[in-house]
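# Reading the structure
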Amino acid sequence: MSTRPAPCSVRFRYKIAGLKDLAFELQVPADPAFRPIAAEAAGKYGESVGLGGDEAGALEVSLQETVDLAAGTAEGTPISVEVRRAGDRLEVTISGGGEPSTLSRALTPGERP
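In this report, the structure presented in the accompanying data block is examined. This is a predicted model, so every value here is computed, not measured. (Residues numbered from 1 in each chain as written. Predicted model: local features only at pLDDT ≥ 70, side-chain atom pairs only at ≥ 80, totals over all residues. Heavy atoms only, no water.)

### Topic: the pattern of salt bridges
One pass over the structure, following the stated rule, counts five salt bridges. In this structure, the salt-bridge partner of Lys44 is Glu47, at a minimum N-O distance of 3.9 Å. Residue Lys44 and its partner Glu47 are located together in helix H1 (residues 35-48), separated by three residues, close to a single helical turn. Measuring nitrogen to oxygen at the nearest pair gives 3.2 Å for the salt bridge that ties Glu82 to Arg84. Glu82 gets classed as partly exposed once you look at its relative accessible area, which sits at 25%. Linked by salt bridges that have partners in common, Glu82, Arg84 and Glu91 make up one network. (Salt bridge = Lys/Arg side-chain N within 4 Å of Asp/Glu carboxyl O. Helix = DSSP H or I, 4+ residues; strand = E, 2+ residues; numbered from the N terminus. Buried < 20%, exposed > 50% of the residue type's maximum accessible area, 1.4 Å probe, protein only.)

Right under this line is the structure:
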C-alpha cells in the first residue's frame, strides 16, 4: 500500500494597515510533486505586490531551487515557505530541512501598488 503525502496547508495573516502587511505561510510535502506549488505561489504574490513578470519568474526559479535543496535534507518533513513584504522588499523564507534560507527582492518605488 502506498502512503499518501501530507496535505498542503496555507495560513494567511492580515493586518489592518493594508496590503503592504499581508503575509502568508505555505507548507507543502517534501514530495517532488508538491514542491512547485510553493515557488509558484510566492512568485504570484511577488507579481501582486509589484515585481515585474521577468523578476517574478526569476524569483520562482530561485525558490524552486531552494525548495528542492530544503527537501533534500527534510527527511519527509513538510517544507515551509513564508512570504512577507518588508518595506520596499519582498522576503521569502524557506525552512524544513537544515537551516532556513531567505531570499529577498527589492521593489522599486514605481512598482509599489
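### Regarding the nonpolar core
Counting residues in hydrophobic clusters, the biggest one holds 25 residues, and the most contacted among them are Leu63, Ile79, Val81, Val83, Leu90, Val92 and Ile94. Of all elements in the fold, only strand E2 (23-28), H1, helix H2 (53-74), strand E3 (79-86) and strand E4 (89-95) reach the threshold of two or more residues within this core. Filtering out sequence-adjacent residues up to four positions away, Val81 remains in contact with Phe24, Glu25, Leu26, Ala38, Val67, Val92, Thr93 and Ile94. (Core = buried A, V, L, I, M, F, W, Y, C linked by side-chain atoms within 4.5 Å. Contact = heavy atoms within 4.5 Å.)

### Brief notes about the environment of Phe24
In this fold, Phe24 is placed in strand E2. According to the relative accessible area criterion, Phe24 is buried, its value standing at 6%. Along the primary structure Phe24 and Ala41 are separated by 17 residues, whereas in three dimensions their C-alpha atoms are 9.8 Å apart.

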